[in-house]
Amino acid sequence: MANFKSDFLHTLSGRGFIHQFSHEAELDAAAAKPGFTAYIGFDATATSLHVGSLVQIMLLRWLQKTGGRPIALMGGGTTKVGDPTGKDESRKLLTDDDIGRNIEGIKGVFSKFLSFESGQSGALMVNNADWLDPINYIAFLRDYGRHFSVNRMLTFDSVKLRLEREQTFSFLEFNYMILQAYDFLELNRRQNCQLQMGGSDQWGNIINGVELVRRVDAKDAYALTTPLLTTSSGAKMGKTAAGAVWLNADKLAPFDYWQFWRNTEDADVGKFLKLFTELPLDEITRLSALSGAEINEAKKVLANEATAMLHGRAAADDAAAAARTTFEQGGLATGLPTIEVPAADLRAGIPAPNAFVTAGLVASTSEARRQIKAGGLRINDTVVTDEKVAVSEKDLTPEGVAKLSLGKKKHVLLKAKPDQK
């Protein structure tokens, strides 16, 4: 761990957040001053961020906790272009209405992690559409386009990946890195923002912004990136067989979020406790040293702390209780995700493959049939062996629900929706 003077960089270093940064001594001195301001951009490509964005959100949280001022930049403008970084093909272009709905869906997450109260360290949320939408293109190119070398831009991984695979790289996307750099210039002017942060795959784009601020306005600007986060098995963080691990509760129930962290690989527990909780480092060291069956206790702590930070302590406690009931006591937990189906459908009987699709446990009836052949689906803990089996009223427990399970760790309760009079 480097010997930083600023609490911010000292904390990030000790918890494993730092991959690269520019101007080390200058950045450290600037970060030690009250109200030091930094930003991270988030494009609005969906109505929720997923857990892959959590490292960046935690960066902003630690900045605020150590006296700095965080800015969450919503990409209302850049989302119209689409970030080509890490993408084999162009993103689908979204309408203004789509982007507006997505931003509204994303906003709620930040209030869980940051305080937007006024003051020197009060977080800000801004939208780059405010300055990108009114741009006069010719004037913009004359003023800022001359600061970017096409030769250098062609060396960036986001461009090279497409060209090497002979895939289309549109001129629209080629402009993204210039617009991202311009965001930094605008935030430096408007909010005295001195640092842009992001994932390691954004290093080239961020350095463009640093250089633009320093060339155009001769102001201090710095870059900091986090490591590309993968699990010990090499999987990309936040991707599971069931899809993305969303941060909004309407897209992923708190119980499923808790379960995601509970299922962390043994070798990742210590790293994730440092990145995604605020537990003291000595306590994390103690938990990381657990082995054998005891490591499961550390995983529960990780799940409890991560879920409490996003969904609140009560939701984390409910999820932990539901997991104990379901997995350790063999009972039926009321805290499990629940769906309703028309009572008439239950009376008639819902084919098992369709029921599991409706519950969101599998993506298609063909996948359900494959799972049935492999013994992976259960109704009320009984393995489904025949794809012609139907879920009906007779499967409802005294509590009025039927438990549908994929494997041992994915469960959904199915209940009847009362007939409409």
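The present account deals with the structure reproduced in this document. It should be emphasised that the depicted structure is a prediction, and the values quoted were computed from it without experimental measurement.

1. So, unusual backbone geometry
Link 1 in the chain: The phi angle at Asn-192 is positive, at roughly 55°, despite the residue not being glycine.
Link 2 in the chain: Residue placement: Asn-192 occurs in the loop between helix H10 (176-191) and strand S5 (195-199).
Link 3 in the chain: Residue classification places Asn-192 among the partly exposed residues on the basis of a relative accessible area of 46%.
Link 4 in the chain: Phi at Asn-380 takes a positive value of approximately 50°, unusual for a residue other than glycine.

2. Some details on the nonpolar core
Link 1 in the chain: Residues Leu-54, Phe-110, Trp-261 and Phe-276 are the most contacted members of the largest nonpolar core, which totals 70 residues.
Link 2 in the chain: Top element by residues in this core is helix H3 (residues 54-65). It accounts for 8 residues.
Link 3 in the chain: Not counting residues within four places of it along the chain, the set of residues in contact with Phe-276 comprises Leu-54, Val-55, Met-58, Leu-229, Met-237, Trp-261, Ala-306 and Met-309.
Link 4 in the chain: In terms of nonpolar packing, the next biggest core, distinct from the first, is built from 30 residues, Ile-71, Phe-140, Ile-206 and Val-210 among them.

3. Description of the packing of helix H13 (residues 269-276) against helix H15 (residues 295-311)
Link 1 in the chain: Running from N to C, H13 and H15 point in directions that differ by 20°, and their axes come no closer than 10 Å. Looking at the two axes, H13 sits roughly parallel to H15. Note on packing geometry: the crossing formed by H13 with H15 is left-handed. Residue-level contacts link Val-269, Phe-272, Leu-273 and Phe-276 of H13 to Ile-295, Ala-298, Lys-299, Leu-302, Ala-306 and Met-309 of H15.

How each quantity is defined
- Residues numbered from 1 in each chain as written.
- Predicted model: local features only at pLDDT ≥ 70, side-chain atom pairs only at ≥ 80, totals over all residues.
- Heavy atoms only, no water.
- Helix = DSSP H or I, 4+ residues; strand = E, 2+ residues; numbered from the N terminus.
- Buried < 20%, exposed > 50% of the residue type's maximum accessible area, 1.4 Å probe, protein only.
- Core = buried A, V, L, I, M, F, W, Y, C linked by side-chain atoms within 4.5 Å.
- Contact = heavy atoms within 4.5 Å.
- Axes fitted to C-alpha atoms, helices over the stretch in contact; angles between N-to-C directions.
- Parallel < 35°, antiparallel > 145°, perpendicular 65-115°, else oblique.
- Left-handed = near helix turned anticlockwise from the far one by under 90°.

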